[in-house]
There are 2 protein chains.
Amino acid sequence: MRPGPRRSITQSGIVTAAFEILEQSGFAAVSIRGVAAALGLTPTAMYTYFPSKQDLLRAMVEALFAGVSADATDAARMADAAGATDATDAADAASDEIARERLVAAAIDLGRRLREHPGAVSLVTGDGVAGAGTVGLIERLGQGFVAGGLSVDDAARAAHALLAHTIGQVALEQAWGAASVDVAETQLWSDEPARPVAEAGERLGLRAGDPGEFRASVARLVAAWLR
Amino acid sequence: MRPGPRRSITQSGIVTAAFEILEQSGFAAVSIRGVAAALGLTPTAMYTYFPSKQDLLRAMVEALFAGVSADATDAARMADAAGATDATDAADAASDEIARERLVAAAIDLGRRLREHPGAVSLVTGDGVAGAGTVGLIERLGQGFVAGGLSVDDAARAAHALLAHTIGQVALEQAWGAASVDVAETQLWSDEPARPVAEAGERLGLRAGDPGEFRASVARLVAAWLR
DNA sequence: ACCTGAACACCGTTCAAGT
DNA sequence: ACCTGAACACCGTTCAAGT
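Small disclaimer: the values here were computed from a predicted structure and weren't measured.

Looking only at helices and strands, chain A features 10 helices and 0 strands. Residue burial in chain A is summarised as follows: out of 227 residues, 48% are buried. Taking the contacts inside chain A whose residues are at least 6 apart along the sequence as the reference set, 71% of them involve residues at least 24 apart. Surface accessibility of chain A: about 10900 Å² in total, with carbon and sulfur atoms responsible for 52%.

So this is what it looks like as structure tokens:
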């Protein structure tokens, strides 16, 4: 056997430990010192594996994005089950439908991953955290749009829009946080709500990230690009 | 005169000082200690005005969002100049066009504000930073969609989508940061780019936040909801 | 009400030194 | 190459005390 590192610690092991801390204690708790302690290391030893904290965060974003696949076999199966008619001409429509479902499923998967760990949005919206993993995700989403019939340029636009939309939606949910802002500051002299739209948003669960509403908004965005 | 505070410092004065630091040194530099020093105060004195750092950040978000108006007289003027025909029947189409332009202008204005200060995205995507200002912005955007003919519920959905889209777009731009990721890791044995969509995104300026592309994506989203 | 000074429990990062 | 220990220049927040 080759002489491995003195201790059985790897970059990906550190990333895994960092995700555990993120999940349990939030973004602010993801510190060089904290991760080192969780691994039984001295803070300075961390710099053997990552030259800076930003590089660790970047690696975490890479890992988070790498898992989002735009090939959703489930979605394809759903589209099949939904049942293309026996007409051979329906092939195009069916493949469009599959492309649509794959893209929606990818965005929902990404949303789920971001909501999984508290503060993962802060991770993803950090300065200069995008890397090869982000490039790969955009490529996969874009290929989905190409499969839906878009040109490469439009697919790039659509992929960026879908990614931004998903990150923004979850970011907005987290921005509301636990703090329940009083939207219902209805005037006493009136039965009309002072802020009807904002109240509707709260009632519909847009703030809290209602899954059905999220899916619908993603589907609308995808449709806006594919048609 | 009433006996004012011992020193001429107000909450909004602190917020202003905090924005100056944000603009000059980025989000990480916006600290209780740093803002206090800029005002000639002791860090502990800050707690007279804001009970915690999060409250200061919340106040900053409020200020940032409060300035985004969905009534764009400029946009209305543009629509007028663009020239409704003399037919009286064109009134509806013209007012739809005005609503559309107002909404696009509001999103562009928000995008501009977010890009103005480095790290403003981190500010806005923070945990629990949304407050009355966010409610107000959603209400104004929503009213724009109502003016475009949407129901209150759909207007709420559209307003949330537009806000999320805008924040997400700028967040994505910042995530790329100065670090230029090599998309062009083209294989030597082939003329075909390895990641055609990602390369297209870079070429089109989607990463860097090209203004024309940003406007187009916002316009597409608005149109997807208004039609 | 507004402010200071000292203190507590944290940060990221560097540097010299050990194996 | 991998790791430790000490140190530097920071954090947010609390507490007792002053006016």
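There is more to say, and it comes next.
Counting residues at the interface gives 57 residues for chain A and 57 residues for chain B. For chain A, the biggest contributors to the area lost against chain B are H160, V197 and R220 of chain A; these three give 13% of the whole. Here chain A is connected to chain B by 4 salt bridges. For the salt bridge of E213 of chain A with R157 of chain B, the shortest nitrogen-to-oxygen distance reads 2.7 Å. Put simply, the parts of the chain that give the side of chain A that touches chain B at least two residues each are helix 6 (120-124), helix 7 (132-147), helix 8 (152-176), helix 9 (196-204) and helix 10 (211-226) of chain A. Looking at the side of chain A that touches chain B residue by residue, the classes come out as 31 nonpolar, 16 polar and 10 charged.

Before going further, it helps to spend a moment on the relation of the copies chain A and chain B. Comparison of the two chain copies shows a relationship of rotation about an axis with a shift along it. Under the fitted operation, chain A is carried onto chain B by 0.0 Å of movement along the axis and a turn of 180°, and the coordinates agree to an RMSD of 0.0 Å. Those values place the two copies in the arrangement expected of a two-fold rotation axis. Of the residues that chain A buries at the interface, 100% are likewise interface residues in chain B, meaning the two copies contact each other through the same surface.

Glancing now at the pattern of salt bridges. Side chains that differ in sign of charge can pair as their charged atoms come close. Taken as a whole, this structure holds 22 salt bridges over all chains when the rule is applied. Salt bridges sharing common partners tie together D109, R112, R113 and E116 of chain A.

Packed helices, taken two at a time, are described by the angle their axes make and the gap between the axes. As a packed pair, helix 9 of chain A and helix 7 (residues 132-147) of chain B sit with axes 7 Å apart at the nearest point and diverge in direction by 105°. Overall, the two elements helix 9 of chain A and helix 7 of chain B adopt an arrangement that is roughly perpendicular. In this structure, helix 9 of chain A contributes P196, V197 and A198 of chain A to the contact, and helix 7 of chain B contributes V135, I138, E139, G142, Q143 and V146 of chain B. Across the contact of helix 9 of chain A with helix 7 of chain B, the residue classes tally to 6 nonpolar, 2 polar and 1 charged.

Before going further, it helps to examine the packing of aromatic side chains. Scanning the model with the defined rule gives 0 aromatic pairs over all chains in all. In this structure, R220 of chain A packs its charged tip against the face of W225 of chain B, placed 3.9 Å from the ring centre. One Lys or Arg, R207 of chain B, reaches over the ring of W176 of chain B and ends 3.9 Å from the middle of that ring.

So, about the domain arrangement of chain A. Many authors give the size of an interface as the accessible area that is lost as the parts come together. All names here are of chain A. Each assigned domain of chain A is listed here: domain 1 (11-51) and domain 2 (73-225). Here domain 1 meets domain 2 over a buried area of about 540 Å², counting both sides, of which 74% is carbon and sulfur. If you sort the residues of domain 1 by the area they bury against domain 2, L22, E23 and F27 come out on top, with a joint share of 78%. Of the residues assigned to the side of domain 1 that touches domain 2, the class counts are 3 nonpolar, 1 polar and 1 charged.

Residue and element names in this part refer to chain A. Along its 16 residues, helix 10 runs 22 Å from first to last C-alpha, staying within 8% of the 22 Å computed at 1.5 Å per residue. Within helix 10, the full set of buried residues consists of E213, F214, S217, V218, L221, V222, A224, W225 and L226. Among the residues of helix 10, the N-terminal cap falls to D210, whose side-chain oxygen and the backbone nitrogen of G212 are separated by 3.1 Å.

All names here are of chain A. With 15 residues, helix 1 (residues 11-25) should reach 21 Å at 1.5 Å per residue; the first-to-last C-alpha distance of 21 Å fits that figure. Turning to helix 1, its buried residues number three or more, namely I14, V15, A17, A18, F19, I21 and L22. Structurally, helix 1 contributes buried residues whose contacts are with helix 2 (32-38), helix 3 (53-66) and helix 6. Where helix 1 ends, the next residue or the one after it, G26, has phi of about 90°, a positive value.

Rules and cut-offs
The residue numbering used here restarts from 1 in each chain and proceeds along that chain's sequence as written. Going through the entries in the order they are written, you letter the chains from A and number the ligands from 1. Local features in this predicted model are restricted to residues of pLDDT 70 or higher, and side-chain atom pairs are both shown and tallied only at a pLDDT of 80 or more, whereas totals for entire chains, interfaces and linings draw on every residue. To obtain the side-chain values, all non-hydrogen atoms of the structure were used and water was disregarded. Helix and strand definitions here come from DSSP, where helices need a minimum of 4 consecutive H or I residues and strands a minimum of 2 consecutive E residues; each element is numbered from the N-terminal end. Classification of residues uses two cut-offs on accessible area relative to the type maximum, computed with a 1.4 Å probe and protein chains only: under 20% is buried, over 50% is exposed, and between them is partly exposed. Working rule for contacts: check all heavy atoms of both residues, and any pair within 4.5 Å makes them a contact. Surface exposure here means Shrake-Rupley accessible area, sampled with a 1.4 Å probe, where a residue is shielded only by the protein chains that are shown. When two parts are put together, the accessible area they lose, computed with a 1.4 Å probe and summed over both, is reported as buried area. The term salt bridge refers to a pairing of a side-chain nitrogen on Lys or Arg with a carboxyl oxygen on Asp or Glu at a separation within 4 Å. Under the scheme applied, nonpolar residues are Ala, Val, Leu, Ile, Met, Phe, Trp, Tyr, Cys and Pro; charged residues are Asp, Glu, Lys and Arg; polar residues are all the others, including Gly. For the least-squares superposition of copies, only C-alpha atoms count, and only for residues with pLDDT at least 70 in both. Every axis in this analysis is a line fitted to C-alpha atoms, fitted for helices over the stretch in contact. Angles between the N-to-C directions lie between 0 and 180 degrees. Note on angle classes: values under 35 degrees are labelled roughly parallel, values over 145 roughly antiparallel, values of 65 to 115 roughly perpendicular, and the remainder oblique. Note on ring pairs: Phe, Tyr and Trp rings are taken, using the six-membered ring of Trp, and paired if centres are within 6.5 Å. Classes follow the plane angle, with under 30 degrees stacked, over 60 edge-to-face and the rest tilted. Note on criteria: charge over ring means Lys NZ or Arg CZ within 6 Å of the ring centre, with the direction from the centre no more than 35 degrees off the ring normal. For each domain, the first and last residues come from an automatic or database assignment. Multiplying 1.5 Å by the helix residue count minus one yields the expected span of that helix. Here a polar contact means two N or O atoms within 3.5 Å. Within protein one must be a hydrogen donor candidate and the other an acceptor candidate, and residues neighboring in sequence count only if both atoms are side-chain atoms.

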